[in-house]
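# Structure assessment
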Amino acid sequence: MTANRTLALVFVVASIVFLTVMVPELNQQQASMGGGFYSVGPSALPTFAGAMVLLFGVVMLFTDRPVPGEAGAFTAGIGMGLLQIGLFGAYALGLSTIGFLPASILFLAAIFLIYRAKNWLVAASLALGLPILVDALLRKIFLVPLPGASFF
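These remarks concern the structure in this document. Computed from a prediction, not measured in an experiment: that's the story for all the values here.

### Regarding the pattern of salt bridges
- This model, assessed by the stated rule, comprises one salt bridge.
- Note that Arg139 is salt-bridged to Asp135, the shortest N-O span being 2.7 Å. Here Asp135 and Arg139 lie together in helix H5 (residues 120-141), a separation of four residues that amounts to about one turn.
- According to the relative accessible area criterion, Arg139 is partly exposed, its value standing at 30%.

### Some remarks on helix H4 (residues 100-114)
- With 15 residues, H4 ought to run about 21 Å at 1.5 Å a step, and its terminal C-alpha atoms sit 21 Å apart, in line with that.
- Of all the positions in H4, only Phe100, Leu101, Pro102, Ala103, Ser104, Phe107, Ile111 and Ile114 are classed as buried.
- Packed against the buried residues of H4 are helix H3 (78-97) and H5.
- Taken from the residues just after H4, Arg116 is the one with a positive phi, measuring 55°.

Analysis parameters
Counting restarts for each chain, with residues numbered from 1 along the sequence as it is written. Since the coordinates come from a predicted model, pLDDT governs what is reported: local features require at least 70, and pairs of side-chain atoms require 80 or more to be given and counted, while whole-chain, interface and lining totals use all residues. Hydrogen atoms and water are omitted, and side-chain values are computed over all heavy atoms in the structure. Salt bridge, as used here: a side-chain nitrogen of Lys or Arg that lies within 4 Å of a carboxyl oxygen of Asp or Glu. A run of H or I in DSSP becomes a helix once it reaches four residues, and a run of E becomes a strand once it reaches two; helices and strands are each numbered from the N terminus. Classification of residues uses two cut-offs on accessible area relative to the type maximum, computed with a 1.4 Å probe and protein chains only: under 20% is buried, over 50% is exposed, and between them is partly exposed. Expected helix span is computed as 1.5 Å times (number of residues minus one). Residue contacts are counted whenever heavy atoms from the two residues lie within 4.5 Å of one another.

Okay, here's the thing in structure tokens:
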């Protein structure tokens with residue numbers, strides 16, 4: 001078993017434990033504290049996050065990734081890591097200043113630009129479509145308020 005698959009297996013097991021043990025505990029704590037208003041509860045976003053980690057872990061488990069040092073392997077240094085950290089910081093600032101949708105669209109566009117997407121039509125579709133889908137899902141279905149700007 002490769003290191004990538006071992007790490008994926010650890011993520012899968014950890015997310016299953018998280019979803020089956022820790023998230024239900026949040027609901028029990030809310031019930032014992034007497035939450036008397038309608039909300040999605042404190043477990044909506046942790047459940048979403050745990051499900052995404054589980055999904056990505058399963059994908060990693062069954063997908064072959066190139067070994068570092070081989071042809072086609074991702075070889076980025078500390079500069080790319082620092083750039084990614086800077087992007088996350090800019091995204092966090094953008095959420096509070098321009099709102100969720102514009103900040104998310106710009107963030108995804110920057111990610112596709114930095115990592116040189118092979119198909120720009122797909123990249124543009126994802127950069128525009130995913131934030132709109134997440135916004136509709138969280139704002140309209142789960143009633144989770146997302147950061148907004150005065151013009152959006």
